[in-house]
Amino acid sequence: MAVEKINMPQLGESVTEGTISTWLVKEGDQVNKYDPIAEVMTDKVNAEVPSSFTGVIKEIVAQEGETISVGELMCYIETEGAGEGEVDAEEKGKEEGSAETKEDTKKETSEDQPMKKRYSPAVLRLAQEHDIDLNQVEGTGRGGRITRKDLEKIIESGNIPKSGDARAEKTAAHAQKQPEPQAAPEQAQPAAPQAPSYPGDVEIPVTGVRKAIAQNMVRSKQEIPHAWMMVEVDVTNLVEYRDSIKNEFKQKEGFSLTYFAFFVKAVAQALKEYPQLNSTWAGDKIIQRKDINLSIAVAKGEELFVPVIKNADEKSIKGIAKEINELAQKVRTGKLTQDDMQGGTFTVNNTGSFGSVQSMGVINHPQAAILQVESIVKRPVIKDGMFAARDMVNLCLSLDHRILDGLICGHFLARVKEILENMSKENTSVY
Amino acid sequence: MPVMSYIQAVTQALREEMKRDEKVFILGEDVGKRGGVFRATDGLYDEFGEDRVIDTPLAESAIAGVGIGAAMYGMRPVAEIQFADFIMPAVNQIISEAARIRYRSNNDWNCPITIRAPYGGGVHGALYHSQSVEAVFANQPGLKIVMPSTPYDVKGLLKAAIRDEDPVLFFEHKRAYRLLKGEVPEDDYVLPIGKADVKREGSDITVITYGLGVHFALQAAEKLEEEGISAHILDLRTVYPLDKEAIIEAAQKTGKVLLVTEDNKEGSIMSEVSAIISEHCLFDLDAPIKRLAGPDVPAMPYAPTMEKYFMINPEKVEKAMRDLAEF
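So, how was this worked out
Residues numbered from 1 in each chain as written. Chains lettered and ligands numbered in written order. Predicted model: local features only at pLDDT ≥ 70, side-chain atom pairs only at ≥ 80, totals over all residues. UniProt positions renumbered as here; feature names shortened; annotations may be inferred. Pairing = 2+ DSSP bridges. Helix = DSSP H or I, 4+ residues; strand = E, 2+ residues; numbered from the N terminus. Contact = placed C-beta atoms within 7 Å. Axes fitted to C-alpha atoms, helices over the stretch in contact; angles between N-to-C directions. Expected span 1.5 Å × (residues − 1). Buried ≥ 20, exposed ≤ 12 C-beta atoms within 10 Å, placed from the backbone. Core = buried A, V, L, I, M, F, W, Y, C linked by C-beta atoms within 7 Å. Parallel < 35°, antiparallel > 145°, perpendicular 65-115°, else oblique. Left-handed = near helix turned anticlockwise from the far one by under 90°. Nonpolar A, V, L, I, M, F, W, Y, C, P; charged D, E, K, R; others polar. pLDDT = per-residue confidence, 0-100.

Under an unreviewed UniProt entry, the name given to chain B is Branched-chain alpha-keto acid dehydrogenase E1 component, and the source organism is Melghiribacillus thermohalophilus. Listed under Cofactor (unreviewed entry) in UniProt, the entry text for chain B is "thiamine diphosphate".

The name given to chain A in an unreviewed UniProt entry is Dihydrolipoamide acetyltransferase component of pyruvate dehydrogenase complex, and the organism recorded there is Melghiribacillus thermohalophilus. Listed under Cofactor (unreviewed entry) in UniProt, the entry text for chain A is "(R)-lipoate". Checking UniProt for chain A, the heading Catalytic activity (unreviewed entry) contains the comment "N(6)-[(R)-dihydrolipoyl]-L-lysyl-[protein] + acetyl-CoA = N(6)-[(R)-S(8)-acetyldihydrolipoyl]-L-lysyl-[protein] + CoA".

Spelled out as structure tokens, the structure:
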């Protein structure tokens, strides 16, 4: 018999902590290796933590609702046969790349582990002189210590991991990834003054997704100078068209054909013509994205997720509708993966679903703009010199004024409007 | 090039210097007819006669005193202290007179004496025949202390010591006498006093040592090379005054420094070497400066197990080197 530790696994490259949402086992339970033992909520995603061993849960250390850092102890598990546990642990490390660090932590005695961050004067000097990000360096010294020779080899190879690099690459390669949590919290701090609480008040800890939302919003509003525009679109034909095929569509395809899919399609098409809006501010330059990956906001209870429809310009209205449906399904069942949320280049937000008719969206950092599709409402408008009852919708655009100006956004909105107003049974196919 | 032992190199250097300069003479206990207890002066009595190879009474203070006086009057005495352990009665002469005279007389006088003495343990010599005494003299400006590690260095440095215009203590490791052999050129060459020598180039760890320690470190380095550990070995050769430049360079080379001496650890030559490195190399250091030395007990014990515990040996050096390499 041996007692092993199960630590908080690394659930994503920039994830630093996780909140235990539910324990799926209790003390004394027999579990098999790879059995889920707990549900964990991180900044990015909810995930199940599998057991690293077969055995009996001995002691649950981290309680539900508790937020613990990656690598911190979650629970103790009693395994059969000490040697076997070791071997299992090794195997598992090989099978699951991400679990490897965790297993190493366990294998190395805790007294050895801290050497990873113990830097000698020589190492610090070299790191400074060559701008090496020590977090990205693998140490070969005792207890994972980074040796002077490790750095000398890196310098010689010319392949120097720079901290600046990592950030730029992150923004460049996965534009829509959540902001790095390490940068955001400091900025979030000043926005959260100490507020007194009174008897009867309920204090809700800010964790997981809520925390991520807060950080992203603060970052966006602090960094991006927002400007707003709104256009009114007559979608009477579109409504007519969609209503005429929605039942048949549902029957045939098994999911609903929403208005939103048409809007997403129209935006994707317009973005292709106005790539200026499909871009990112990168300090000394603006990066225009080739791919049109549209982030859509999906709410679930108190949480808001922003999954991505990739290459929306290449998809039919049906394809988009299907993907919206799938992503919404995933959000509802908590199956959304980090991959589903990566790579967005522009956001289309379906505020109309809450009955809103006008709103000023906060840009999904580091994108350049966000489009809010408001409620479609029947309103009397003047058409051909006469009052007519038309289906009207407001499209509200928030733009990063560093990148974009009113002129180009006006053109873009006009184009979206044009596309939407021309959507009808006669000239639009959902397939 | 003839191969000779460490002690043969001593004899050879003495012979050549006596031939070269008739002011050179030897004095010490049993150095004459007997040729020295270790046979370092073997044959010199016969070759140069009793006037130049003088047997003295058992009085180290006199050996040093007579030598110092003669040196100040222009002779080139080579005084032998039979065992370095016996040098203590002569300390007053050496430190108060020999070391100070040039400074005290404002350069009017100098004292070109060489005092040879076998030091070191590992020969079952026990308390009075095993000690290292260099640290006693190593904070006395005016003195030079030379401790060679190879036959080649012995010849070149002993000749340099004899020709030096100031007092030089020349300590020979008695275990090295017949243990170490090496090629020694026949020609007249002199090695600079005050200069350390890189005995092996390496990139993982630096070992700084002297005397027999060099030999042990080289042996260990060869073994460690098979494990992929590359050791840089600096032989101090002169332990006072130290070759700071070479020490700094060697320490900077790898940033991991092991200092080896068989002397008692505290206050040893290596304490000073360590201080030099910490003063100059902070931003090159990748590990704490490590010292491998004898324990801080009064002297080498006689019991073989205890002697072994006290003495450094290739295994201990190897272990310390590996430990540092893995840091």
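## A few points about the sheet that holds strand β9 (residues 226-234) of chain A
Residues and elements named next belong to chain A. Taking strand neighbours across the sheet as the criterion, the six strands line up as β9-β18-β17-β16-β12-β15 in an open arrangement whose pairing is mixed. Both outer strands of the open sheet, β9 and β15 (308-309), are each paired with one neighbouring strand and no more. With 13 bridges connecting them, strand β17 (residues 369-383) and strand β18 (residues 386-400) associate as antiparallel partners. Of the residues in β18, the one forming a bridge with Ile370 is Ser398. Helix α11 (residues 406-421) rests against β9 and β18 of the sheet, and its axis sits at about 25 degrees to β9.

## Concerning helix α9 (residues 212-226) of chain B
The terminal C-alpha atoms of α9(B) lie 23 Å apart, and with 15 residues this matches the ideal 21 Å at 1.5 Å per residue to within 8%. Along α9(B), the residues classified as buried are Leu212(B), Gly213(B), Val214(B), His215(B), Phe216(B), Ala217(B), Leu218(B), Ala220(B), Ala221(B) and Leu224(B).

## Notes on the nonpolar core
One finds Ile145(B), Ala217(B), Leu258(B) and Met321(B) to be the most contacted residues of the largest nonpolar core, which totals 115 residues. The biggest single contributor to this core is α9(B), with eight residues. If you look at the next biggest cluster of nonpolar residues, it comprises 76 residues, including Ala47(A), Ile317(A), Ala369(A) and Cys396(A).

## Digging into the packing of helix α3 (residues 121-129) of chain A against helix α4 (residues 148-157) of chain A
Residue and element names in this part refer to chain A. Here α3 crosses α4 at 20 degrees, and the two axes come no closer than 9 Å. One way to sum up the angle between α3 and α4 is to call them roughly parallel. Two packed elements cross with a definite hand, and for α3 against α4 that hand is left-handed. Note on element contacts: α4 touches α3 through Arg148, Leu151 and Ile155, opposite Ala122, Val123, Leu126 and Ala127.

## Notes on the pairing of strand β8 (residues 73-79) of chain A
All names here are of chain A. Pairing of strand β1 (residues 2-7) with β8 involves six bridges; the strand directions are antiparallel. If you follow Lys5 over to β8, its bridge partner there is Tyr76. With five bridges connecting them, strand β6 (residues 55-60) and β8 associate as antiparallel partners. Its bridge partner being in β8, Gly55 is matched across the sheet by Thr79.

## Focus on the interface of chain B and chain A
Counting from both sides, the interface comprises 10 residues of chain B and, opposite them, 11 residues of chain A. For the side of chain B that touches chain A, the per-class residue count stands at five nonpolar, one polar and four charged.

## A short note on the confidence of the model for chain B
Confidence in the prediction of chain B, expressed as mean pLDDT, is 96, and 100% of residues score 70 or more. Predicted as a complex, the structure gets a pTM of 0.54 and an ipTM equal to 0.82.

## Remarks on the sheet that holds strand β11 (residues 231-235) of chain B
Sheet strands line up and pair through hydrogen bonds in the backbone, either parallel or antiparallel. Residues and elements named next belong to chain B. Across the sheet, five strands lie side by side as β9-β11-β10-β13-β14; this open sheet has mixed pairing. Edge positions in the sheet fall to β9 (197-200) and β14 (290-294), since each has one partner strand and no second. Strand-to-strand twist of the sheet, defined as the mean angle between neighbouring strand axes without regard to direction, takes the value 25 degrees. Sheet topology note: the β9/β11 ladder contains three bridges and is antiparallel. When the bridges of β11 are listed, Asp197 appears paired with Asp235. Strand contacts of α9: β9, β10 (205-209), β11 and β13 (257-264), with the helix running at about 170 degrees to β11, the strand carrying the most contacts.

## Notes on the pairing of strand β4 (residues 36-42) of chain A
Residue and element names in this part refer to chain A. Most of β4 is tucked away: five of the seven residues are buried. Examined bridge by bridge, strand β2 (residues 17-23) and β4 share five bridges and lie antiparallel to one another. By the bridge assignment for β4, Thr22 is matched with Glu39. Two strands pair when backbone bridges link them, and β4 and strand β5 (residues 46-50) are joined in this way by five bridges, in the antiparallel orientation. Opposite Val40, over in β5, you have Ala47 as the bridge partner.

## What to know about the UniProt feature "domain: Peripheral subunit-binding (PSBD)" (unreviewed entry) in chain A
If you check UniProt for "domain: Peripheral subunit-binding (PSBD)" (unreviewed entry), the listed places come out as residues 118-155 of chain A in our numbering. Between the end C-alpha atoms of residues 118-155 of chain A there is a gap of 20 Å, over a span that is 45% helix and 0% strand.

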